[in-house]
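Spelled out from the first residue to the last, the chains are:
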Amino acid sequence: MSGRGRGQGPLLLGVRHHGPGSARAVRAALDAAGPSVVLVEGPPEADALVALAADEGMVPPVALLAHVVDEPGRSAFWPLAEFSPEWVAIRWALERDVPVRFIDLPAAHSLALRDHQGATPDDPEGDGEQGEEDSREAMRVDPLAVLGETAGHDDPERWWEDVIEHRGTSGDAFAPFEALGEAMGALREEYGDGGHERDLVREAYMRLQLRTAQKEFGDGVAVVCGAWHVPALRVKTTVAADRAVLKGLPKAKVDMTWVPWTHRRLARAGGYGAGIDSPGWYGHLFSAPDRPVERWMTKVAGLFRDEDRIVSSAHVIEAVRLAETLAAMRGRPLAGLTETTDAIRAVMCEGSDVPLSLVHDRLVVGDVLGEVPDAAPAVPLQRDLTRLQRSLRLKPEALERELELDLRRETDAARSRLLHRLRLLDVGWGEPARSMRASTGTFRETWRLRWEPELSVRVAEAGVWGTTVLSAATARAGADAIGAPALADVTALAERCLLAELPDALPVVMRVLADRAAMDADVGHLAQALPALVRSLRYGDVRGTDTQALSEVAAGLAERVFVGLPPACAGLDGDAAAEMRGHVDAVHAAVGLLEDDGTAGHRGRWHSVLRVLAARDSVAGVIRGRCARLLLDDGQLAEGEAARLMGLALSPGTGPAEAAAWIEGFVGGGSGGGLLLVHDERLLALVDDWLTGVSADAFTDVLPLLRRTFSAYESGVRRTLGELVRRGPAGAGPTAAVGTAPPGFAPGLDQVRADAVLPVLRLLLGTDDADAGSDSGTGSGRGDNDLVGVA
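Note that the structure is predicted; figures quoted are calculated from it, not measured. (Residues numbered from 1 in each chain as written. Predicted model: local features only at pLDDT ≥ 70, side-chain atom pairs only at ≥ 80, totals over all residues. Heavy atoms only, no water.)

Trainee: Even after reading the chapter, I still don't get the overall build of the protein chain, so can you show me in this structure?
Mentor: Check the secondary structure of the protein chain and you find 37 helices and ten strands. Residue pairs at least 24 apart in sequence account for 76% of intrachain contacts in the protein chain once pairs closer than 6 positions are excluded. A total of about 34900 Å² of accessible surface is found on the protein chain, and carbon and sulfur atoms cover 52% of it. (Helix = DSSP H or I, 4+ residues; strand = E, 2+ residues; numbered from the N terminus. Contact = heavy atoms within 4.5 Å. Areas by Shrake-Rupley, 256 points an atom, 1.4 Å probe, with all protein chains shown as cover.)

Here it is in structure tokens:
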């Protein structure tokens, strides 16, 4: 290093970003030198925000966020953890009223240059500028690998930890920076810019800022930057030469603020190029310089005990001894993460990596989420979101958690509206999930929440739609409706508007929906659109929303499907028939939820359509079989009639492939067809007789289809069917009398015995009287007897 204090040139402190040893060494060097100004590698636009680092509400990890004013998606982050040398330098200066400035290339230039140099979104500057690891990825030669190999180490990361991160602060405070600066100087002489020309631009700007600070403060200047840049800051160049390098750089108008960051996003696994593998471990090393191994093992033991694993004090003592022994055997000054992990696996995990993965996720990486004070600049939409989060007691957290909502409660309903509105704005804080509690009610929702730092950018992007979450979501929904590529997209959007309770957006969406429905003649598109529309009616009823216009469009859409479906199902090939079968299932489920108004008779009309399709020879077998099954399940087809249709479909006049397709439609697709064959041995006998009569050549052709059909059954159902076929069902066959009950079954339903099972079913399903009452008022058309069908 060229100097240690005033009169000997600037104090150049070359570091590795996010390193606890580097951070401690920077603090010790600043204490010893007492500079008049501290210069930090970072965007100069953040100078106006640096004072917020001293605010009590600022809790690292945090990041500086810069984004182009008119294009918030063009953004960059500069993350800082508690153990980042830059953060330590900033806090040191603020605590002593020492000026602190950022001296790297302005974000206005770096963001503009990204378009010219093909940066990736996860790279905060688009050039690997944040940290030595980014530089090393872009270089032909890894400087740490060269230094580690020169020192006789085959692992450069372990070498760096041993000489820097695990080093104490005793002795000469400037010695490590002098040694590292000389080493980097030798590398720069050998490799130049390392194959990354952008560094030359950045370093020219740094030198200009360093000269300006020296004119103002003399030699009392300390610079904290990546060690790779130290030799370039020592180089004697002219002002004119540096300015020539910067001439003609593109520029963009940017805004900058502080945002929360997470340990998980500091990790390389999170996609941030300048990250570290173990931010939780590094944070521990920084906060516990004395007896770090003992304290780490105590943390691990506490984690295991919280997870109900038996870990005693003896385990902790033995794990510490083993880690220290391994470090001594490997010639390391301190047990590192590798040694502690090996010791934990052997002593506390009994050699298993399964519980060890919990240690890595919770402690080595961790779910720490930083905090930013209210005084930090923010777009109006972000401020409104923060207000809503506080009023609804929905605190952003880095740890993923599930949230159960009961929409009958005012607070939970408001939380649901907020999460749905954010999803409309592409702010994926919460994603709908399957509830662990079984319930048939539409008044419950389950969400999986996790706040990621990138969501701050999403909020900034969404700010162009409005200043509040409500206004932004309303404007975005209207724009999405107009630009939707397909009818199904518009109906899905209508459903989302009801879930988000956007009354001002719904008229726009409905107008677009009506226009699209009138113009679209594709029955497949209409069939795809109907289910979301009907679900919207159901959710609208639950949330007390006026859905009259939605109901009229749904009724018209359903009628057009009824009319157009029979001709659309004729003459289809195998793939088209399978796709149309899915449309038939979707429409059937939708009609089941669509209330009749007393005149339209949606269900009756739909059953008529199913009868036509089930009996029409020009319709593909998989569709005919499926329509027959749906009629049977709805009680619109007698068992004898179902057997007659199956007999016709499996008659010798029908080709084996077509017959196999009919069977797939009737008993396949995970629709309970296996149980149907178990309980109705006449249908099973029909299938058995047909299958045994298929020729050897034809059997080879239909085998894949049959295997797909029957392999979807549960193992118990398959076993029962095999036993029935093996024994040859007595009294059941293609000639069995119509109306004869299978062995062991009465000819009719015993209603009293059926009703007696309802209390037990409610207990198993986790429902109660309030649930049943709510369901009956949702427009689902289901009553108590429908619980039998659910079971």
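On we go from here.
Trainee: Help me understand the pattern of salt bridges in this model?
Mentor: It is possible for side chains of opposite charge to pair when their charged atoms get near one another. Summed over the entire model, instances satisfying the criterion amount to 40 salt bridges. We note a salt bridge from R476 to D480, for which the minimum N-O separation is 3.1 Å. Taken together, the positions of R476 and D480, both in helix 20 (residues 469-483) and four residues apart, correspond to about one turn of that helix. The exposure class of R476 is buried, given its relative accessible area of 16%. D480 gets classed as partly exposed once you look at its relative accessible area, which sits at 29%. (Salt bridge = Lys/Arg side-chain N within 4 Å of Asp/Glu carboxyl O. Buried < 20%, exposed > 50% of the residue type's maximum accessible area, 1.4 Å probe, protein only.)

Trainee: Looking at this structure, I do not really get the environment of A481. What am I missing?
Mentor: Note on placement: A481 falls in helix 20. Given a relative accessible area of 0%, A481 falls into the buried group. C-alpha separation for the pair A481 and L493, spaced twelve residues apart in sequence, amounts to 7.0 Å. Once residues within four sequence positions are removed from consideration, A481 is found in contact with V490, L493, V509, V512 and R516.

Trainee: How do you make sense of the packing of aromatic side chains when you look at a structure like this?
Mentor: Both the distance between ring centres and the angle between the ring planes are used here to describe each pair of aromatic rings. Summed over the entire model, instances satisfying the criterion amount to six aromatic pairs. Aromatic pair W429 and W451: ring centres 5.7 Å apart, planes at 80 degrees, arrangement edge-to-face. Remark: W451 occurs in the loop between strand 10 (444-449) and helix 19 (454-462) and W429 occurs in the loop between helix 18 (410-424) and strand 9 (430-432); sequence separation between them is 22 residues. Among the residues examined, W429 registers a relative accessible area of 2% and is labelled buried. Across from the ring centre of F304, 5.5 Å away, lies the NZ or CZ of R309, which sits over that ring. (Phe/Tyr/Trp six-rings, centres within 6.5 Å; stacked < 30°, edge-to-face > 60°. Lys NZ or Arg CZ within 6 Å of the ring centre and 35° of its normal.)

Trainee: Explain the side chain of H420 here, please?
Mentor: Residue position: H420 is located in helix 18. A distance of 3.1 Å separates a polar atom in the side chain of H420 from a polar atom in the side chain of E445. (Polar contact = N/O pair within 3.5 Å; in protein donor to acceptor, adjacent residues only side chain to side chain.)

Trainee: How should I be thinking about helix 6 (residues 156-165) in this particular structure?
Mentor: An α-helical turn contains 3.6 residues, so a residue and the one three or four places further along point in the same direction. Taken residue by residue, helix 6 has W159, W160, E161, D162, I164 and E165 as its buried positions. Turning to helix 6, the residues buried within the fold contact helix 1 (20-33), helix 5 (143-150), helix 7 (175-191) and helix 12 (279-287).

Trainee: Quick question: what am I supposed to make of a negative patch on the surface here?
Mentor: There is a patch of like negative charges on the surface, built from D522, D573, D575 and E579. Mapped onto the secondary structure, D522 falls in the loop between helix 22 (506-519) and helix 23 (523-542). We classify D522 as partly exposed; its relative accessible area is 37%. (Patch = residues over 30% accessible without salt bridge, like charges linked within 9 Å, V, L, I, M, F, W, Y side chains within 5 Å. Lys, Arg positive; Asp, Glu negative; His and termini not counted. Charge placed at Lys NZ, Arg CZ, Asp CG, Glu CD.)

Trainee: Looking at this model, I keep getting lost on the sheet that holds strand 9. Mind explaining?
Mentor: Hydrogen bonds between backbone groups are what pair the strands of a sheet, and the pairing can be parallel or antiparallel. Read from one edge to the other, the open sheet built from three strands follows the order 8-10-9, with strand pairing classed as antiparallel. Only two strands of the sheet have a single partner each, and these edge strands are strand 8 (401-406) and strand 9. The mean angle between the axes of side-by-side strands here comes to 35 degrees, regardless of whether they run parallel or antiparallel. Relative to strand 10, strand 8 runs antiparallel, the two being bridged by six bridges. (Pairing = 2+ DSSP bridges. Axes fitted to C-alpha atoms, helices over the stretch in contact; angles between N-to-C directions.)

Trainee: Would you mind going over the confidence of the model for the protein chain with me for this structure?
Mentor: Residues shown with low pLDDT carry predicted positions that ought not to be read at fine detail. Looking at the protein chain as a whole, the pLDDT averages 80, with 82% of positions reaching at least 70. Segment residues 730-739 is flagged for pLDDT under 50; beyond a separation of four residues in sequence, or across chains, it makes 15 contacts in the model. When the criterion is pLDDT under 50, residues 772-791 qualifies, and its contacts beyond four places in sequence or with other chains add up to 36 contacts. (pLDDT = per-residue confidence, 0-100.)

Trainee: Help me understand the pairing of strand 2 (residues 37-40) in this model?
Mentor: The two faces of the sheet receive side chains in turn, since in a regular strand these alternate between them. Side chains V37 and L39 of strand 2 all project onto a buried face; the interleaved residues V38 and V40 project onto the opposite face, where all are buried too. Bridge analysis of strand 2 against strand 6 (residues 221-226) gives four bridges, and the strand direction is parallel. Counterpart to V38 in the pairing with strand 6 is A222. Pairing analysis gives three bridges linking strand 2 to strand 5 (residues 100-102), with the strands arranged parallel. Along strand 5, the bridge assignment pairs V40 with F102.

Trainee: Whenever I open this one, the environment of T238 confuses me. Can you help?
Mentor: Counting through the fold element by element, T238 comes out in the loop between helix 9 (230-234) and helix 10 (239-246). When the C-alpha atoms of T238 and A204 are compared, they prove to be 10.0 Å apart, with 34 residues separating the residues in sequence. Within the local environment of T238, its side chain forms a polar contact with the backbone nitrogen of A241, the two atoms lying 3.0 Å apart.

Trainee: Any chance you could explain the nonpolar core here in plain terms?
Mentor: Soluble globular proteins tend to pack their nonpolar side chains together in the buried interior. Ranked by internal contacts, the top residues of the largest apolar core, which has 110 residues, are L418, W429, L565, W606 and I623. The residues contacting I623, other than those within four sequence positions of it, are C569, L572, A577, M580 and R581. Core analysis: the second largest hydrophobic core is formed by 44 residues, L64, A89, F102 and V254 among them. (Core = buried A, V, L, I, M, F, W, Y, C linked by side-chain atoms within 4.5 Å.)

Trainee: Just to check I follow, could you spell out the side chain of D384 for this structure?
Mentor: Tracing the backbone shows D384 in helix 17 (residues 380-391). One polar contact links the side chain of D384 to the main-chain amide nitrogen of V469, over a distance of 2.9 Å. With residues up to four places along the chain from it excluded, the contact list for D384 reads T467, T468 and V469.

Trainee: Sorry, what's going on with a nonpolar patch on the surface here?
Mentor: Taken together, the side chains of V757, V760 and L764 make up a nonpolar region of the molecular surface, amounting to roughly 270 Å² of accessible area. Among the secondary structure elements, V757 is positioned in the loop between helix 34 (751-756) and helix 35 (758-765). Its relative accessible area of 34% is what places V757 among the partly exposed residues.

Trainee: Would you explain the sheet that holds strand 6 in this entry?
Mentor: Strand order in the open sheet formed by four strands is 1-6-2-5, with parallel pairing between adjacent strands. Sheet topology places strand 1 (11-15) and strand 5 at the edges, where each strand pairs with a single neighbour. The sheet shows a mean angle of 20 degrees between the axes of neighbouring strands, direction not considered.

Trainee: Would you mind showing me how to read the environment of G428 here?
Mentor: Take G428: it is sitting in the loop between helix 18 and strand 9. Residues G428 and W451, 23 residues apart in the sequence, show an inter-C-alpha distance of 8.4 Å. The contact partners of G428, leaving out residues within four places of it in the chain, are R450 and L455.

Trainee: Can you help me understand the state of the cysteines in this one?
Mentor: Two cysteines, two sulfur atoms, one covalent bond between them: this is a disulfide. The tally for this structure, following the rule as stated, stands at zero disulfides. Residue C627 stays outside any disulfide, its sulfur separated by 6.8 Å from that of C569, the closest cysteine. (Disulfide = S-S within 2.5 Å.)

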